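Structural overview for review
As a plain string of letters, each chain reads:
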Amino acid sequence: MWIADGWEDYELLDCGGGEKLERWGKQILVRPDPQAIWETPHTNRGWRNAQGRYHRSSSGGGHWDKDKLPESWVVGYKDLKFQVKPMNFKHTGLFPEQAVNWDFAREKIKNAERPIRVLNLFAYTGGATVACAAAGAQVCHVDAAKGMVNWARENARVSGLSDAPVRWIIDDALKFVQREARRGRFYDGILMDPPSYGRGPGGEVWKLENELYGLAKACSEALSDDPLFFLINSYTTGFQASVLSNMLMKCVSSCHGGIIDAQELCLPVTTGGVLPCGASGRWSAK
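Conventions used here
- Residues numbered from 1 in each chain as written.
- Predicted model: local features only at pLDDT ≥ 70, side-chain atom pairs only at ≥ 80, totals over all residues.
- Heavy atoms only, no water.
- Helix = DSSP H or I, 4+ residues; strand = E, 2+ residues; numbered from the N terminus.
- Rg over C-alpha atoms; globule rule 2.2 N^0.38 Å.
- Buried < 20%, exposed > 50% of the residue type's maximum accessible area, 1.4 Å probe, protein only.
- Contact = heavy atoms within 4.5 Å.
- Areas by Shrake-Rupley, 256 points an atom, 1.4 Å probe, with all protein chains shown as cover.
- Lys, Arg positive; Asp, Glu negative; His and termini not counted.
- Charge placed at Lys NZ, Arg CZ, Asp CG, Glu CD.
- Pairing = 2+ DSSP bridges.
- Axes fitted to C-alpha atoms, helices over the stretch in contact; angles between N-to-C directions.
- Polar contact = N/O pair within 3.5 Å; in protein donor to acceptor, adjacent residues only side chain to side chain.
- 1 Å grid on protein atoms, 1.4 Å probe; cavity = no way out; pocket = protein on both sides within 12 Å on 5 of 7 lines; lining within 4 Å.
- Points joined across faces, edges and corners; volume = space filled by probe spheres on them.
- Nonpolar A, V, L, I, M, F, W, Y, C, P; charged D, E, K, R; others polar.
- Phe/Tyr/Trp six-rings, centres within 6.5 Å; stacked < 30°, edge-to-face > 60°.
- Lys NZ or Arg CZ within 6 Å of the ring centre and 35° of its normal.

1. Describing the overall build of the protein
- The helix and strand inventory of the protein stands at seven helices and 17 strands.
- Taken over C-alpha atoms, the radius of gyration comes to 19 Å for the protein, in line with the 19 Å a tight globule of 286 residues would show.
- Within the protein, buried positions represent 51% of all 286 residues.
- Considering only contacts in the protein between residues 6 or more positions apart, those separated by 24 or more positions represent 60%.
- For the protein, the accessible surface area stands at approximately 13500 Å², while carbon and sulfur atoms represent 48% of it.
- Averaging the coordinates of the 34 positive side-chain charges in the protein and doing the same for the 33 negative ones gives two points 3 Å apart.

Shown next as structure tokens:
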């Protein structure tokens, strides 16, 4: 497993009973988590005094109690900064377990000793975009939601990267990467974090199990002749790390050789143990 244990502004204080108790900077949040199925004694007073709590409804969805929370605030990871805020369906705009993938990409870019072009698909609020830009890469950030792209721009700004060479693209990921390959615009590193389920602008249904292979294959055709890394992340229930490993083997290493590793992503819990948070597969040239 890959454990995101390099945080100072984020801490998973406790978890259990289907919930997790987190510290985001100075703010304490309680949010649902379906993986935290064990019992916890709830001895940390944050369970009672949290500034924000998301209550899930038995009929679906839910709501925040957030009167004690600021509208948004900034948390840092190493030299990076991110704005977070309570969003619909329990989210905050940042997935702290992804820090291990940011570190992976940054290390590859810094050690490459050559200019690196990175494509970040389903790029959300730009955690990986900011990390890769901070490491010196040219980055193409692609997300279908205008609001998320604007949020990612703001994360670049608060990280001091407003002038970094980032292209901000609002588009469908698959259609965009297919056009890039036809244009002869190739990338040394590709990251993607596709959703489990969604609908396109024309009402078309996206299911990861049906679409991931075609997406990965299209992305492999947008790799440069000397690629550096390729990363797939998944939060889809039932998708094991080995599924991502097999996908990378068929779509990337079959053409470029290299090394594949796939693991669970986890957060360390202050009271002990780790909380699983999805899986990632990584291909690297060496």
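2. Observations regarding the sheet that holds strand β3 (residues 19–24)
- With mixed pairing, five strands are arranged side by side in an open sheet as β2-β3-β4-β5-β6. Both edges of this open sheet fall to β2 (10–16) and β6 (62–65), since each of them pairs with a single strand only. Averaged over all pairs of adjacent strands, the angle between strand axes in this sheet comes to 15°, irrespective of strand direction.
- When strand β5 (residues 52–56) meets β6, the two strands line up antiparallel, connected through four bridges. Bridging across to β6, Tyr54 finds its partner in Trp64.

3. Quick word on the side chain of Ser159
- By secondary structure assignment, the location of Ser159 is in the loop between α4 (146–158) and β11 (166–170).
- A residue is classified by how much of its surface remains accessible, and Ser159, at 15% relative accessible area, is buried.
- Polar contacts involving the side chain of Ser159 include one to the main-chain amide nitrogen of Lys81, which spans 2.7 Å.
- For Ser159, the residues in contact, after removing those within four places along its chain, are Leu80, Lys81 and Val130.

4. Points about the layout of surface pockets
- Taken as a whole, the second largest pocket holds about 210 Å³ of empty space.
- The wall of the second largest pocket is formed by Glu107, Lys108, Asn111, Ala112, Arg114, Asp226, Pro227, Leu228, Ala285 and Lys286.
- Grouping the constituent residues of the lining of the second largest pocket by class yields four nonpolar, one polar and five charged.

5. So, the pairing of strand β15 (residues 229–234)
- The buried fraction of β15 is high, at six of six residues.
- Neither face of β15 is exposed, since Phe229, Leu231 and Asn233 on one face and Phe230, Ile232 and Ser234 on the opposite face are all buried.
- Here strand β12 (residues 189–192) runs beside β15; their pairing, made up of four bridges, is parallel. Along β15, the bridge assignment pairs Ile190 with Phe230.
- Examined bridge by bridge, β15 and strand β17 (residues 274–284) share six bridges and lie antiparallel to one another. Its bridge partner lying in β17, Phe229 is registered against Ser284.

6. Overview of the packing of aromatic side chains
- According to the stated counting rule, one finds 10 aromatic pairs in the structure shown.
- With centroids separated by 5.5 Å and ring planes inclined at 75°, the aromatic side chains of Tyr54 and Trp64 adopt a geometry described as edge-to-face. Here the residue Tyr54 occupies a position in strand β5, and Trp64 occupies one in strand β6, the gap between them amounting to 10 residues.
- According to the relative accessible area criterion, Tyr54 is buried, its value standing at 2%.
- For the ring pair Phe104 and Phe229, a centre distance of 5.8 Å and an interplane angle of 75° mean the geometry is edge-to-face. Taken together, the positions of Phe104 in helix α2 (residues 99–112) and Phe229 in strand β15 put the pair 125 residues apart, joining distant regions of the chain. One exposure class covers both Phe104 and Phe229, and it is buried.
- Here the aromatic cluster, defined as three or more aromatic residues joined through ring pairs, consists of Trp7, Tyr10, Trp24, Tyr77, Phe82 and Trp102.
- Directly above the ring of Trp151 sits Lys85, whose terminal nitrogen or CZ lies 4.7 Å from the centroid.
- The ring of Tyr187 is capped by Arg117, whose NZ or CZ atom sits 4.9 Å from the centre of that ring.

Function cannot be read off these values alone, since they describe shape.
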